[in-house]
Amino acid sequence: MSQDNSKLNTRSAAQTATAVNSGDIKALEVAYASLETIERLNPTVNAFTDVLGERALLEARAVDDAITEGRTLPLAGVPYAVKNLYDVEGLTTRAGAKINRENPPASADATLVRKLKDAGAVLVGATHMGEYAYDFTGESAHDGICRNPHDTGHMTGGSSSGSAAATAAGMVPLAMGSDTNGSIRVPASFCGLFGLKPTYGRLSRAGTYPFVGSLDHLGPLTRSAEDLALIFDVLQGHDPADPAQANHPEIETHNRLQEDIGPLRIAVAGGYFRDKALPDALNAVDLVAKALGASLEIDIPEAARARAAAYVITAAEGSTLHLGRILERPQDFDPETRDRFLAGTMVPAIWVQQAQRFRSWFRDLFRKIFENVDVLLAPATPFPALPSGTKTFTIGGETMPARPNIGLFTQPISFIGLPAVTVPVWQEGATLPIGVQVIAPAWREDLALRVAHHLEQTGICRAPVANLTA
């Protein structure tokens, strides 16, 4: 090993790809460093459920061979992990569930895994997640607690818990997650990462285990805004294997990060998005708004109703998918997940119809809002990461169960499929970060990424590797 692992593991994806493409380091060196860091830190963090050492070394050697032949790869030698609802050839897709472990291994990689491999990225493993992605805490009845690398006594957030923890701990610079109601943005907030939930229908979901078909999104978590853009550009492209994916023109984002954001009209989401936030979340939004010169605040009417409607659709669609398994093997479910799915079976059909009608109204409302602004800012979570095992929290005198309610700011956004980037904020004296959502109109991920990159360049938003020792 020619370089210290700590130096290799703190590189961004962009830095690693540049170094591998130039021949300064070998992809094989980077892969070994990542695997050794996983071996050292995973017993503490519990981010990985499956480590794919043999595959990683084979892929790294193939990248080095390609570089020797004169090829340039956008993600050359970049180690990455995937939430274990992505199909990985030869590996059983657990989706965080006990029952799924009896399934045969996947026969092929998910579309986005294949795209990452083709771009030169090196898959090192699959990560911890909430059962069937129905979780905001990162605490699994089957795989244990995934621990926040910045403070192992606190939650990672979920359901992309392991992907966030692995990235924040420096095991990988990039991990793939999924976001139905906030499962990329919540752990990005708790673990101090940049996380992208693209526009609904932007990226292919082929080869991944579904949760709620009309709400499911896939996207990356990274330690830099540049990495989000670099990876997003690789992942784009129409895939007929996902019938819900829109055949929308691809948009270049990485080469546009330096464009001036001065002309952008940026506003803060008010009303619900301020009334339900605790001081840390409010302060984080205010810091970001000040850095961007955003003084306008826009009330978002009926945001609370949007969240309620999102839950109705989630409960109804999710329970329909899993009802057969619940009836046959109720004892093999996480009790909290099982009970929420059972409740979903009792949602009246008329409620779902009303929720879908309201969804159209709320989508139209945002279209009108985005006629006058280009980007909205809102909290990603109401507070920084809660201590592990926390069952409830109180806001405005109302006490709520933690597991279903941490995403109260993310759900209204994914409800109508808007793209959003979570940016990490470390406030003075804080021991844990908290995230702010940068929300753009549909298909304008470039705007959110440009704002996120600007915030990172000014130092307001940063995602350091956790100071974690095993």
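Residues numbered from 1 in each chain as written. Predicted model: local features only at pLDDT ≥ 70, side-chain atom pairs only at ≥ 80, totals over all residues. Heavy atoms only, no water.

1. What about the overall build of the protein chain?
(1) Moving on: Check the secondary structure of the protein chain and you find 16 helices and 15 strands.
(2) Moving on: Taken over C-alpha atoms, the radius of gyration comes to 21 Å for the protein chain, in line with the 23 Å a tight globule of 470 residues would show.
(3) Moving on: Taken along the three principal axes of its C-alpha coordinates, the protein chain extends 60 × 55 × 45 Å.
(4) Moving on: Within the protein chain, buried positions represent 64% of all 470 residues.
(5) Moving on: Of all intrachain contacts in the protein chain linking residues separated by at least 6 positions in sequence, the fraction that spans at least 24 positions is 78%.
(6) Moving on: When the accessible surface of the protein chain is totalled, it reaches about 16800 Å², and 51% of it is carbon and sulfur.
(7) Moving on: The distance from the centre of the 41 positive side-chain charges to the centre of the 52 negative ones in the protein chain is 3 Å. (Helix = DSSP H or I, 4+ residues; strand = E, 2+ residues; numbered from the N terminus. Rg over C-alpha atoms; globule rule 2.2 N^0.38 Å. Buried < 20%, exposed > 50% of the residue type's maximum accessible area, 1.4 Å probe, protein only. Contact = heavy atoms within 4.5 Å. Areas by Shrake-Rupley, 256 points an atom, 1.4 Å probe, with all protein chains shown as cover. Lys, Arg positive; Asp, Glu negative; His and termini not counted. Charge placed at Lys NZ, Arg CZ, Asp CG, Glu CD.)

2. Quick notes on the nonpolar core
(1) Moving on: Grouped together as the largest cluster of nonpolar side chains are 124 residues, with contacts concentrated most on Ile300 and Ile406.
(2) Moving on: With nine residues, helix H11 (residues 303–328) is the single largest residue contributor to this core.
(3) Moving on: Once you skip the residues sitting within four places of it in the chain, isoleucine 300 turns out to touch Ala269, Gly270, Phe273, Phe362, Phe366, Ile369 and Leu376.
(4) Moving on: If you look at the next biggest cluster of nonpolar residues, it comprises 33 residues, including Val45, Phe48, Ala76 and Ala175. (Core = buried A, V, L, I, M, F, W, Y, C linked by side-chain atoms within 4.5 Å.)

3. Re the sheet that holds strand E10 (residues 296–299)
(1) Moving on: Pairing is mixed across the open sheet formed by 11 strands, whose spatial order is E1-E3-E2-E6-E8-E7-E14-E15-E11-E9-E10. Looking at which strands have only one partner, the edges of the open sheet turn out to be strand E1 (48–51) and E10. Along the sheet, successive strands turn relative to each other by an average axial angle of 30°, direction set aside.
(2) Moving on: Judged from the five bridges that link them, strand E2 (residues 79–83) and strand E3 (residues 122–127) form a sheet pairing that is parallel. Bridged to valine 82 within E3 is alanine 126.
(3) Moving on: In the packing of helix H16 (residues 445–458) onto the sheet, the strands contacted are strand E7 (194–197), strand E9 (266–270), strand E11 (375–379), strand E14 (420–425) and strand E15 (434–439), and the crossing angle to E14 comes to about 10°. (Pairing = 2+ DSSP bridges. Axes fitted to C-alpha atoms, helices over the stretch in contact; angles between N-to-C directions.)

4. Topic: helix H6 (residues 161–168)
Since one α-helical turn is 3.6 residues long, residues separated by three or four positions face the same way.
(1) Moving on: The element H6 is extensively covered by neighbouring structure, given that eight of its eight residues are classed as buried.
(2) Moving on: Within H6 the residues assigned to the buried category are Ser161, Gly162, Ser163, Ala164, Ala165, Ala166, Thr167 and Ala168.
(3) Moving on: Two residues or fewer after H6 comes glycine 170, characterised by a positive phi angle close to 85°.

5. With respect to the pattern of salt bridges
(1) Moving on: One pass over the full model with this rule turns up 27 salt bridges.
(2) Moving on: For the salt bridge of aspartate 109 with arginine 55, the shortest nitrogen-to-oxygen distance reads 2.8 Å. With a gap of 54 residues between them, aspartate 109 in the loop between E2 and helix H5 (111–118) and arginine 55 in helix H4 (residues 53–68) connect regions that are remote in the sequence.
(3) Moving on: Measuring nitrogen to oxygen at the nearest pair gives 3.3 Å for the salt bridge that ties lysine 98 to aspartate 332. (Salt bridge = Lys/Arg side-chain N within 4 Å of Asp/Glu carboxyl O.)

6. Section: the packing of helix H8 (residues 225–235) against H16
(1) Moving on: Axis separation between H8 and H16 bottoms out at 8 Å; the angle between their running directions is 155°. For the element pair H8 / H16, the angle class is roughly antiparallel. Facing Ala225, Glu226, Leu228, Ala229 and Phe232 of H8, the residues of H16 in contact are Glu445, Leu449, Ala452, His453 and Glu456.
(2) Moving on: Taken together, the residues that form the contact of H8 with H16 break down as six nonpolar, one polar and three charged. (Parallel < 35°, antiparallel > 145°, perpendicular 65-115°, else oblique. Nonpolar A, V, L, I, M, F, W, Y, C, P; charged D, E, K, R; others polar.)

7. Topic: H16
(1) Moving on: Helix length check: H16 (14 residues) gives 20 Å between terminal C-alpha atoms against 20 Å at 1.5 Å per residue, within 8%.
(2) Moving on: The buried fraction of H16 is high, at 11 of 14 residues.
(3) Moving on: Along H16, the residues classified as buried are Glu445, Asp446, Leu447, Ala448, Leu449, Arg450, Val451, Ala452, His453, Leu455 and Glu456. (Expected span 1.5 Å × (residues − 1).)

8. Considering the pairing of strand E8 (residues 217–222)
(1) Moving on: Among the six residues that make up E8, six are buried, leaving the element largely enclosed by the rest of the structure.
(2) Moving on: Bridge count between strand E6 (residues 174–179) and E8: six bridges; the pairing is antiparallel. The residue of E8 that forms the bridge with methionine 176 is proline 220.
(3) Moving on: Two elements, E7 and E8, share two bridges in a ladder whose sense is antiparallel. Opposite glycine 195, over in E8, you have leucine 221 as the bridge partner.

9. Some remarks on the packing of H5 against H8
(1) Moving on: The interhelical angle for the contact between H5 and H8, taken along N-to-C directions, is 110°, at an axis separation of 9 Å. Compared by their axis directions, H5 and H8 come out roughly perpendicular. Crossing of H5 over H8 shows right-handed handedness. Side by side, H5 and H8 meet where Leu112, Lys115 and Leu116 of the first sit next to Ile231, Val234 and Leu235 of the second.
(2) Moving on: The residue inventory of the contact of H5 with H8, partitioned by class, reads five nonpolar, no polar and one charged. (Left-handed = near helix turned anticlockwise from the far one by under 90°.)

10. Digging into the packing of aromatic side chains
(1) Moving on: This model, assessed by the stated rule, comprises 15 aromatic pairs.
(2) Moving on: Ring centres of phenylalanine 358 and phenylalanine 415 lie 6.3 Å apart, and the angle between their planes is 25°; on these two criteria the pair is classed as stacked. Placement of the pair is phenylalanine 358 in helix H13 (residues 349–369) and phenylalanine 415 in the loop between helix H15 (411–414) and E14, with a sequence separation of 57 residues. Here the two residues phenylalanine 358 and phenylalanine 415 agree in accessibility, since each one is buried.
(3) Moving on: With a centroid separation of 6.1 Å and an interplanar angle of 45°, the aromatic rings of phenylalanine 366 and phenylalanine 370 are classed as tilted. The pair formed by phenylalanine 366 and phenylalanine 370 is uniform in burial state, with each residue classed as buried.
(4) Moving on: The structure contains a cluster of three or more aromatic residues connected by ring pairs, namely Phe358, Trp361, Phe362, Phe366, Phe370 and Phe415.
(5) Moving on: Across the ring face of tyrosine 134, the terminal group of arginine 340 is positioned such that the distance to the ring centre comes to 3.8 Å. (Phe/Tyr/Trp six-rings, centres within 6.5 Å; stacked < 30°, edge-to-face > 60°. Lys NZ or Arg CZ within 6 Å of the ring centre and 35° of its normal.)

11. Describing the pairing of E11
Put simply, side chains in a regular strand alternate between the two faces of the sheet.
(1) Moving on: In terms of burial, E11 is a largely internal element, five of the five residues being buried.
(2) Moving on: Both faces of E11 are covered, namely the face carrying Val375, Leu377 and Pro379 and the face carrying Leu376 and Ala378.
(3) Moving on: As defined by bridge partners, E9 adjoins E11 across three bridges and the pair is classed as parallel. Of the residues in E11, the one forming a bridge with valine 268 is leucine 377.
(4) Moving on: With four bridges joining them, E11 and E15 adopt antiparallel strand pairing.

By themselves, these are just geometric observations and shouldn't be taken as functional.
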